[in-house]
Amino acid sequence: MKASTSTSTPTPAHNAPLPPTAANPGRSSRIAPHSHIKGLGLTPEGYASSDTGGFVGQTIAREACGVIVDLIKSRKFSGRALLLVGAPGTGKTALALAVSHELGAKVPFCPMVGSEVYSTEVKKTEVLAEVFRRAIGLRIKETKEVYEGEVTELTPTEAENPLSGYGKTVSHVVVGLKTVKGTKQLRLDPTIYEAILKEKIVVGDVVYIEANTGAVKRVGRSDAYASSYDLESETYVPLPKGDVHKRKELVQDVTLGDLDAANARPQGGQDIMSVMGSLVKSGRTEVTEKLRREVNKIVKGYVDQGVAEVVPGVVFIDEVHMLDIECFTYLNALLESPMAPTVIFATNRGNSLVRGTSDIVSPHGIPVDLLDRCMIVKTEGYTREQVGKVVQLRANVEGLRLGEGVLDKLAVEGEKSSLRYALQLLTPASILASIAGRNQMEVEDIGEMNELFLDAKTSASMIGQGGGFDGGQSL
Ligand SMILES: Nc1ncnc2c1ncn2[C@@H]1O[C@H](COP(=O)(O)OP(=O)(O)O)[C@@H](O)[C@H]1O
Ligand SMILES: [Mg+2]
């Protein structure tokens, strides 16, 4: 196996299958505000001594999360969950994202909000089950034997047709291929000749032939033939490097959720019922527990053969207190299943009633049996200086220029109300600045925004003084 990897080309193959598209583009919007977060920013010893990785302050929480990352990596975190608690805007979501960054680039991160389970069409537990499946990645490795090079010769050899007295058939085709390193002459099957004709391959083209399947692909015209009077529609490619015959390692990342969905879809209409069914259910049958078990069995086979590798991802359930007792019970079971992803919860509630019950009050609105499995990490509020640093980070990421004193003003606002409020002022204030024809924000832009928008505390206290929108007239 090792030898094959060394001969494989480092650049992705031109014919490599496209990576599966991100399952849910809509979800990226929930992550975009955290694009400055690159990781936990810990030292190799696990200390959060400086503000690296895009993270400012929050030292204890970051170090605690670092320990959790180590536990996850050494596979000692199964059956448990991480619970992040803290006031809104103290970086709980950012921490969850940083943990997943620390686990690796290709680790699936599936965020959801507790209230997402309440749908009129899908069972609550089904929503959870699906998220858990989407958070288990599968890396499928395939080594392919390929022939690649510029065609120097293309001669079909004909033979008498043994079935009829007349006409001839192609018995084989001789293809000469040239690379930078050498040339090779191949004697190929007539079916490959058909593929060559279909791709309209002629001498001077760079082609790619898969040894096992016989798939032929025309990459382009060799750039040795490029000349100024040729039509521009042709793509010219350089002569391939390496040997004509080589092994290429292709890696594909999918999730169990992708596999479930692909297998639930009817594979073409076999009978009228399946067509009807697919119309009614918009081309998708249900992903059942049975189907999941089937998929698991196939996946296990792949893993045993060493073809695939399981990459456990991260499920992040924000506002976890919004789940109800039924979901919590189901989560206990999910956490115990052998193929469970890492689970991170976040909440900003203290003691509260567990949803779906009438009398069970417990910390964070989570029943004690699930709470028992959680390692709890608290996030702290921010100082004025820290707010300033985060605002500066965001301004850099969004490409905004801050004038004299703007940072201080925003930091003061942030300290007074919340970090989020300070960050939220940033974009509208920049629009105001650009309307005024400036390319950098000034203090007056922030001031104006502050007059237009209220932070939560001010808004609540103003209404509180008046006794509500009706000016305190009510009894
Ligand atoms: N310590 C921090 N360093 C850098 N950015 C932070 C930090 N804490 C929060 N943020 C940013 O502030 C915003 C609000 O934080 P968020 O994680 O959404 O808070 P929460 O989930 O606790 O309500 C996000 O844009 C986040 O990336
Ligand atoms: Mg959040």
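Predicted model only: the values in this text are computed from it and were never measured.

Q: Can you walk me through the site of ligand 1 in this structure?
A: The environment of ligand 1 is formed by 20 residues, the closest being Val-56, Gly-89, Thr-93, Tyr-382 and Arg-420. Note that an oxygen atom of ligand 1 is positioned 3.0 Å from one of the backbone N or O atoms of Pro-33. In this structure, a nitrogen atom belonging to ligand 1 sits 2.6 Å away from a side-chain N or O atom of Tyr-382. Placement of ligand 1 is best described as lying within the second largest pocket.

Q: Please clarify how unusual backbone geometry should be interpreted in this entry.
A: Glycine aside, negative phi is the norm for most residues, and most peptide bonds take the trans geometry. At Glu-319, a residue that is not glycine, the phi angle is positive and equals roughly 45°. In this fold, Glu-319 is placed in the loop between β11 (314-318) and α9 (325-336). You can call Glu-319 partly exposed: its relative accessible area is 27%. Phi is positive for His-364, which is not a glycine, with a value near 60°. Here His-364 is to be found in the loop between β14 (361-363) and α10 (368-371). On the accessibility criterion, His-364 (14% relative accessible area) is buried.

Q: In this structure, what is going on with the packing of helix α11 (residues 384-398) against helix α12 (residues 406-416)? I would like to understand it.
A: Packed helices, taken two at a time, are described by the angle their axes make and the gap between the axes. Where α11 contacts α12, the two axes come as close as 8 Å, and the packing angle between them is 120°. In this view, α11 runs oblique relative to α12, as classed from their interaxial angle. Where α11 crosses over α12, the handedness of that crossing is right-handed. Taken together, the residues of α12 that come into contact with α11 (itself represented by Arg-384, Val-387, Gly-388, Val-391 and Gln-392) are Leu-407, Leu-410, Ala-411, Val-412, Gly-414 and Glu-415.

Q: What should I look at first to understand the pairing of strand β1 (residues 81-85) in this one?
A: It is a general feature of regular strands that their side chains alternate between the two faces of the sheet. Among the five residues in β1, five count as buried, and that is most of the element. Residues Ala-81, Leu-83 and Val-85 point to one face of β1 and Leu-82 and Leu-84 to the other, with burial holding for every one of them. Pairing geometry for β1 and strand β15 (residues 374-378), over five bridges, is parallel. Bridging from a neighbouring strand, Leu-82 pairs with Met-375 of β15.

Q: What is the right way to read the pattern of salt bridges from this model?
A: Oppositely charged side chains are able to pair whenever their charged atoms sit close together. Within the structure shown, the criterion is met by 22 salt bridges. Between Lys-124 and Glu-326 there is a salt bridge, with its nearest N and O atoms 3.2 Å apart. With Lys-124 in helix α4 (residues 124-134) and Glu-326 in helix α9, the pair connects residues that are 202 residues apart, well separated along the chain. Put simply, Arg-292 and Glu-126 hold a salt bridge, and the shortest N to O gap is 2.8 Å.

Q: What exactly am I supposed to notice about the nonpolar core here?
A: Taken as a class, soluble globular proteins show a tendency for nonpolar side chains to be buried jointly. Grouped together as the largest cluster of nonpolar side chains are 27 residues, with contacts concentrated most on Ile-317, Leu-331 and Phe-345. Top element by residues in this core is α9. It accounts for five residues. For Phe-345, the contacting residues outside a window of four places in its chain are Ala-81, Leu-82, Leu-83, Leu-84, Phe-316, Ile-317, Val-320, Leu-331, Leu-370 and Cys-374. Counting 26 residues, the second-largest nonpolar core is a separate cluster that includes Leu-40, Ala-94, Val-314 and Ile-344.

Q: Please clarify how the side chain of Ser-417 should be interpreted in this entry.
A: Within the secondary structure layout, Ser-417 lies in the loop between α12 and α13 (419-435). Take Ser-417: its relative accessible area is 13%, and that puts it in the buried class. One polar contact links the side chain of Ser-417 to the main-chain carbonyl oxygen of Glu-413, over a distance of 2.8 Å. Filtering out sequence-adjacent residues up to four positions away, Ser-417 remains in contact with Asp-455 and Lys-457.

Thresholds, definitions, all that
- Residues numbered from 1 in each chain as written.
- Chains lettered and ligands numbered in written order.
- Predicted model: local features only at pLDDT ≥ 70, side-chain atom pairs only at ≥ 80, totals over all residues.
- Heavy atoms only, no water.
- Near = heavy atom within 4 Å.
- Polar contact = N/O pair within 3.5 Å; in protein donor to acceptor, adjacent residues only side chain to side chain.
- 1 Å grid on protein atoms, 1.4 Å probe; cavity = no way out; pocket = protein on both sides within 12 Å on 5 of 7 lines; lining within 4 Å.
- Sits in = over half its atoms within 2 Å of the grid points.
- Helix = DSSP H or I, 4+ residues; strand = E, 2+ residues; numbered from the N terminus.
- Buried < 20%, exposed > 50% of the residue type's maximum accessible area, 1.4 Å probe, protein only.
- Axes fitted to C-alpha atoms, helices over the stretch in contact; angles between N-to-C directions.
- Parallel < 35°, antiparallel > 145°, perpendicular 65-115°, else oblique.
- Left-handed = near helix turned anticlockwise from the far one by under 90°.
- Contact = heavy atoms within 4.5 Å.
- Pairing = 2+ DSSP bridges.
- Salt bridge = Lys/Arg side-chain N within 4 Å of Asp/Glu carboxyl O.
- Core = buried A, V, L, I, M, F, W, Y, C linked by side-chain atoms within 4.5 Å.

Spatial relationships are all this shows, so hold off on functional conclusions.
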